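Coordinates in review
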Amino acid sequence: MAEISYITSAGLKKLVEEVEYLKSVERPRISQAIAEARDKGDLSENAEYDAAKEEQGLLEAKIAQLEQTIINSRLIDESKIDYSKVQILTKVKLKNLKTNAVMTYSIVSETEANLKEGKISVKTPIAQGLVGKKVGEVAEITIPAGKMNLEVIEIGPVE
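Figured I'd write up the structure that's included with this text. (Residues numbered from 1 in each chain as written. Predicted model: local features only at pLDDT ≥ 70, side-chain atom pairs only at ≥ 80, totals over all residues. Heavy atoms only, no water.)

1. A few points about the overall build of the chain
Note the threshold: Each helix is a run of DSSP H or I of at least 4 residues and each strand a run of E of at least 2, with the numbering of both proceeding from the N terminus. As a reference, a globule follows 2.2 Å times the number of residues to the power 0.38, and the radius of gyration itself is taken over C-alpha atoms. Accessible area is worked out with a 1.4 Å probe on protein chains only. A residue is then buried under 20% of its type maximum, exposed over 50%, and partly exposed in between. We call two residues in contact when some of their heavy atoms are within 4.5 Å. Areas reported here follow the Shrake-Rupley algorithm with a probe of radius 1.4 Å; residue values treat only the protein chains shown as occluding.
Within the chain one finds three helices and seven strands. In the chain, the succession of helices and strands from N to C terminus is β-α-α-β-β-β-β-α-β-β. In terms of overall size, the chain is more extended than a compact globule, its C-alpha atoms giving a radius of gyration of 22 Å where 159 residues would be expected to give roughly 15 Å. In terms of principal-axis extent, the alpha carbons of the chain reach across some 70 × 35 × 30 Å. Buried residues in the chain amount to 31% of all 159 residues. By sequence separation, contacts in the chain at least 24 residues apart represent 50% of the contacts at least 6 residues apart. For the chain, the computed accessible surface area is about 9,900 Å², with 53% contributed by carbon and sulfur atoms.

Right under this line is the structure:
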C-alpha cells in the first residue's frame, strides 16, 4: 500500500507543474533524440540511441513516481494549524543546549523538504523528536553523532 503524504496547496501545485513540464517538454525532447539516433542506422551499435532510450526510461519512472505522490497526497488545511505545539507546517526556532546555537526550521512534508531553505521533512529524526513539543520544552534527539538537546524557543507559521 502506498504511503500517504501531507502537503500544502503550494507544494501540490509545484508537483503538478513539474509533471506537466516533464510530459510537455522533456518527453518530446527525448522522443526527438531517439528518432534522430534511430535515423543514424544500425541500432545494435548506436550509443546515442541506447543513451536516449535509457533517459526515456528514467524520465517515465520519474513521471510515474511523481504522479503516485500526487495521488497519495492529502492537502493540509493551513487555517486549522495549532501553533501552540510543533507539528507539520510550523516554523520552529530552536536552541541547542550544548552549543547555544540557535536555528530555525520549517517542518514540512517529504516532498517539500529543502534543507537549504530550512525546510525539513516531518519524517526526519529532528522533526520526529520535536513534534508535539511546546515553547520552553526540550527535545532529546538521537542523531548519528549521539544525542542532542534542543529547546523550543518559538513556534509560528511557515512562510
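2. Regarding the sheet that holds strand β4 (residues 102-108)
Put simply, the rule reads: Two strands are counted as paired when DSSP detects at least two bridges linking them. Angles here are taken between N-to-C directions and fall from 0 to 180 degrees, while the axes themselves are lines fitted to C-alpha atoms, restricted in helices to the stretch in contact.
Pairing within the open sheet is mixed, and its five strands lie in the order β5-β4-β3-β7-β6. Two strands bound the open sheet, and with one partner strand each, they are β5 (119-121) and β6 (138-143). Across the sheet, the axes of successive neighbouring strands diverge by a mean angle of 45 degrees, strand direction being ignored. Two elements, strand β3 (residues 90-96) and strand β7 (residues 146-157), share seven bridges in a ladder whose sense is antiparallel. What sits directly across from K93, in β7, is E154.

3. With respect to the packing of helix α1 (residues 9-38) against helix α2 (residues 47-71)
When two helices pack together, their arrangement is given by the angle between the helix axes and the distance between those axes. Defined as follows: Roughly parallel refers to an angle under 35 degrees, roughly antiparallel to one over 145, roughly perpendicular to one between 65 and 115, and oblique to any angle outside these ranges. Should the near helix be turned counterclockwise from the far one by less than a right angle, the crossing is left-handed, whereas a clockwise turn marks it as right-handed. Only Asp, Glu, Lys and Arg are considered charged in this grouping, and only Ala, Val, Leu, Ile, Met, Phe, Trp, Tyr, Cys and Pro are considered nonpolar; every other residue, Gly among them, is considered polar.
Running from N to C, α1 and α2 point in directions that differ by 160 degrees, and their axes come no closer than 9 Å. As summarised for this structure, α1 and α2 are arranged roughly antiparallel, according to the angle between their axes. Classified by chirality, the crossing of α2 by α1 is left-handed. Its residues assigned to classes, the contact of α1 with α2 comprises 15 nonpolar, two polar and twelve charged.

4. Points about unusual backbone geometry
Excluding glycine, most residues fall at negative phi; most peptide bonds, likewise, are trans. Of note in this structure, L89 is not a glycine but carries a positive phi near 70 degrees. Along the polypeptide, L89 turns up in the loop between β2 (73-75) and β3. In this structure L89 comes out as buried when scored by relative accessible area, which is 5%. Here the phi dihedral of N100 falls at roughly 65 degrees; this positive angle occurs in a residue that is not glycine.

Distances and angles like these do not, on their own, reveal function.
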